[in-house]
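For reference, the chains in residue letters:
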Amino acid sequence: MFLTKDELLHFLLIPLIIGLLGGFSALLFRDFIDFFHFLFQKINFLHGDIFYLISTPIIFVLSNLLVLKFLLHSEGVSLDNIAKKIALLHGHFSPVKGSLVLFLTSLNIGFGLPVGREAPIAKLGGLLGELFLKLIKVPRVNLILYLSAAVSSAIAATFNAPLAGVLLGIEIILGKVNLYLLIPLIVASTTATLLAREFLGNYTAFFVPHLQFKDLYFYLVPFVGIFFGFLALLTKWSINFIRGLKLSLRHLWLKIVFINGLVVGSLLSLFPQIRGTGYSYITGLFLHKTSPLEAFFIMLLKWVAVVITLGSGLFGGLMSPSIFIGAFGGYALGSIFTFLGADPRVFILVGSAAMLAGISRAPLRTSIIVVELTHSYQLLLPILIASSISAFISAKFEPGAYFKRSLIQKGIDIENSQVLEFLKCLDPRKYLTFISPLKEDDDYSQALKLFAKVHTRYLPVVNEKGKLVGILSATDLLKILQRGTEVKISQIMHRNPIFLKEGFDKEELVKILGMFTTSSIPYLDKDGKYIGMLDLNRLLKDLTLVNSSCQSDKLQHQ
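Residues numbered from 1 in each chain as written. Predicted model: local features only at pLDDT ≥ 70, side-chain atom pairs only at ≥ 80, totals over all residues. Heavy atoms only, no water.

With respect to the sheet that holds strand β8 (residues 530–535)
Step number 1: Sheet architecture is open: four strands sit in the order β1-β8-β7-β6, paired in mixed fashion. The open sheet terminates on both sides in strands that have one partner only, identified here as β1 (432–433) and β6 (500–501).
Step number 2: With two bridges joining them, β1 and β8 adopt antiparallel strand pairing. By the bridge assignment for β8, Thr-433 is matched with Met-533. (Pairing = 2+ DSSP bridges. Helix = DSSP H or I, 4+ residues; strand = E, 2+ residues; numbered from the N terminus.)

This is the structure we're talking about:
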């Protein structure tokens, strides 16, 4: 038989059904949004934009009351937190809370609030996928893969971006790429996208004329990346600041939320451009000449409305708002460079990608999403440059942000305050194991005896003064057998090995934990002399236990 039963299920049937569920999730979500938009028009007894002054504060208060009632956390409904839920808890999506998130987000978008739909649709896709996987009782070893495919397919169908969906799945699944993981992701994402295209059409998010690529843009897009990197930082800080007021002003919170709703409602009634996703107005930037000042002003108003809305605890994503903010801000910035021959319309796409990358800290996925959304493949290079710069700046000011996703796969949430406190107070000597080092002039027999005596794959190598000069791995013994037993350790050892010194920066440890899979590394004093081997496996175990003490309860509520 060409395909075994297990291969047929794994590579085709299960991902195909998951993809259909992901596509159905996107269609269902779109229908809910359309229903609430229809409902808004029907109950708008004022028959004008002034109705936003009534509807928006009511939605703000209603959302917060439901959050209190069902112990939901709106800040937890993000792609990063969904990834954590899959990696750390293997799913466990709550049908009740998932349905409530779908209801509230659809209500918010249908009533014109400036939020996106990416995280709630990912949650819905994950929920439906998990219900199906429980029904057919898939092996636990494949559960994370299939859940990732469910989330990826929902995103792919929603944004008509199958490649971006696959990249999202790769990020969620252990950061590994092989055919066993990749093929189900591709099947699920493409199936969901094809289903969405069948019912919604092969659409672009907004109309983009063919834009000419110029080498000039390589010199200009870094400025766009820098601007939106800092704006993304300010966005996250501002949203978290408003959310932080909920605890300190909890007795006044509903009144504050009502006032916030009035502010956002006023903005929505006066400036229709900032309602909902606003993609039609991005099309207007391409088709009609807009003044740079007007574009910047609209960007600022959208930013204020988004920050207040999400900071006040309402459900919704940041992807669509980021694309809008980046588009209008990019157009305004690009207009500055017209005297050099630059087309400001190019910076609409560059700005969209840069802002979204700063928020998501996923420059490759972001670039692919923007390119797939607009079919502007010729601008991929400047988009990648701006996205990378923005993501770098955004991650620069957050501890461990560079390695956040890889650490999650090891069971560690570097954003967890208890994990950060553990690392701050860490005593490395607690995890030291002394393993006798080899000398540079030692030969094969001495290395073989030492490897047989200790349970480790790595042996430190020191010079006459006891300073670390290299590391010898068990696989290096094969080199000795190939070259002959007369070879000295210094000839085959790895020079400049990874190590930590006394008084090391905790960021350095986070980097090692995030980048490498080694079980232990040398630990040195301040003069570079070997002290012992730092047992990273024991350290990771303790970090995981610290992380699990509060992470499980936190994610269960999301």
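Still more ground to cover, so stick around.
Looking at the packing of aromatic side chains
Step number 1: Within the structure shown, the criterion is met by 18 aromatic pairs.
Step number 2: Ring geometry for Phe-45 against Phe-51: centres 5.5 Å apart, planes inclined by 80°, an arrangement best described as edge-to-face.
Step number 3: Take Phe-51: its relative accessible area is 4%, and that puts it in the buried class.
Step number 4: Here Phe-337 and Phe-347 contribute two aromatic rings whose centre-to-centre distance is 5.9 Å and whose plane-to-plane angle is 40°, an arrangement assigned as tilted. In this pair, Phe-337 is assigned in the loop between α13 (319–336) and α14 (346–360) and Phe-347 in helix α14, connecting sequence segments 10 residues apart. Phe-347 shares its class with Phe-337; the two are buried.
Step number 5: The lysine or arginine in question, Lys-302, covers the ring of Phe-324, its NZ or CZ lying 4.7 Å from the ring centre.
Step number 6: We note Lys-506 situated over the ring of Phe-504; from NZ or CZ to the ring centre the distance is 5.1 Å. (Phe/Tyr/Trp six-rings, centres within 6.5 Å; stacked < 30°, edge-to-face > 60°. Buried < 20%, exposed > 50% of the residue type's maximum accessible area, 1.4 Å probe, protein only. Lys NZ or Arg CZ within 6 Å of the ring centre and 35° of its normal.)

Some details on the nonpolar core
Step number 1: In terms of nonpolar packing, the biggest core is built from 113 residues, with Ile-18, Leu-133, Phe-206, Ile-282, Phe-347 and Leu-349 touching the most fellow members.
Step number 2: Not counting residues up to four positions away in its chain, the partners in contact with Phe-206 are Tyr-279, Ile-282, Thr-283, Phe-286, Ile-323, Leu-349 and Thr-374.
Step number 3: Phe-403, Tyr-523, Leu-540 and Leu-543 belong to the second largest nonpolar core, which has 24 residues in total. (Core = buried A, V, L, I, M, F, W, Y, C linked by side-chain atoms within 4.5 Å. Contact = heavy atoms within 4.5 Å.)

Quick look at the sheet that holds strand β2 (residues 438–439)
Step number 1: Spatially, four strands are ordered β2-β3-β4-β5 in an open sheet, and the strand pairing comes out mixed. Among the strands making up the open sheet, the edge pair consists of β2 and β5 (494–495).
Step number 2: Pairing between β2 and strand β3 (residues 458–462): two bridges, direction parallel. Opposite Lys-439, over in β3, you have Val-462 as the bridge partner.
Step number 3: In this fold helix α19 (residues 444–453) packs onto β2, β3 and β4 (468–473), with an angle of close to 135° to the strand it touches most, β3. (Axes fitted to C-alpha atoms, helices over the stretch in contact; angles between N-to-C directions.)

Some thoughts on a positive patch on the surface
Step number 1: A surface patch of like charges, here positive, comprises Lys-465, Lys-467, Lys-501 and Lys-529.
Step number 2: Its location among the elements puts Lys-465 in the loop between β3 and β4.
Step number 3: Under the relative-accessibility criterion, Lys-465 is labelled exposed at 65%. (Patch = residues over 30% accessible without salt bridge, like charges linked within 9 Å, V, L, I, M, F, W, Y side chains within 5 Å. Areas by Shrake-Rupley, 256 points an atom, 1.4 Å probe, with all protein chains shown as cover. Salt bridge = Lys/Arg side-chain N within 4 Å of Asp/Glu carboxyl O. Lys, Arg positive; Asp, Glu negative; His and termini not counted. Charge placed at Lys NZ, Arg CZ, Asp CG, Glu CD.)

Considerations on the pattern of salt bridges
When charged atoms on two side chains of opposite charge get close, those side chains can pair.
Step number 1: Going through the model one piece at a time under the given rule, you end up with five salt bridges.
Step number 2: For the salt bridge of Arg-275 with Asp-49, the shortest nitrogen-to-oxygen distance reads 2.9 Å. Of the two residues, Arg-275 is situated in the loop between α10 (253–270) and α11 (279–287) and Asp-49 in the loop between α1 (5–43) and α2 (52–70); the sequence distance between them amounts to 226 residues.
Step number 3: A residue is classified by how much of its surface remains accessible, and Arg-275, at 17% relative accessible area, is buried.
Step number 4: Since its relative accessible area comes to 36%, Asp-49 is described here as partly exposed.

Thoughts on the environment of Tyr-431
Step number 1: With respect to the element layout, Tyr-431 can be found in the loop between α18 (417–424) and β1.
Step number 2: By relative accessible area, which is 1% here, Tyr-431 ends up buried.
Step number 3: Along the chain, Tyr-431 and Leu-318 lie 113 residues apart, while their C-alpha atoms are 41 Å from each other.
Step number 4: What Tyr-431 contacts, discounting residues up to four positions off in sequence, is Phe-422, Leu-426, Met-533, Leu-534, Asp-535, Arg-538, Leu-539 and Asp-542.

Some remarks on helix α6 (residues 143–159)
Step number 1: The terminal C-alpha atoms of α6 lie 25 Å apart, and with 17 residues this matches the ideal 24 Å at 1.5 Å per residue to within 8%.
Step number 2: Judged by how many residues are buried, α6 sits mostly within the fold: 17 of 17 residues are covered.
Step number 3: Positive backbone phi, approximately 50°, marks Asn-160, located one or two places after α6. (Expected span 1.5 Å × (residues − 1).)

Some points on the side chain of Asp-542
Step number 1: Note on placement: Asp-542 falls in helix α23 (residues 536–556).
Step number 2: Here Asp-542 is buried and forms no salt bridge, its nearest opposite-charge partner Lys-430 lying at an N-O distance of 4.1 Å.
Step number 3: Non-local contacts of Asp-542, meaning those with residues more than four positions away in its chain, are made with Phe-422, Lys-430 and Tyr-431.

Thoughts on unusual backbone geometry
Step number 1: Although it is not a glycine, Arg-361 sits at a positive phi angle of roughly 55°.
Step number 2: The class of Arg-361 is buried, set by a relative accessible area of 10%.
Step number 3: Notably, His-375 is not glycine yet its phi reads approximately 60°, a positive angle.
Step number 4: Within the secondary structure, His-375 is located in the loop between α15 (363–374) and α16 (380–396).

Regarding empty space enclosed by the protein
Step number 1: Scanning all chains against the criterion turns up two cavities of 30 Å³ or more.
Step number 2: In this structure, the second largest cavity occupies an estimated 40 Å³ of space.
Step number 3: Ala-26, Phe-29, Arg-30, Arg-117, Thr-158 and Leu-200 are the residues that line the second largest cavity.
Step number 4: Examining the composition of the lining of the second largest cavity, we find that three residues originate from one element, α1, more than from any other.
Step number 5: When its residues are assigned to classes, the lining of the second largest cavity shows three nonpolar, one polar and two charged. (1 Å grid on protein atoms, 1.4 Å probe; cavity = no way out; pocket = protein on both sides within 12 Å on 5 of 7 lines; lining within 4 Å. Points joined across faces, edges and corners; volume = space filled by probe spheres on them. Nonpolar A, V, L, I, M, F, W, Y, C, P; charged D, E, K, R; others polar.)

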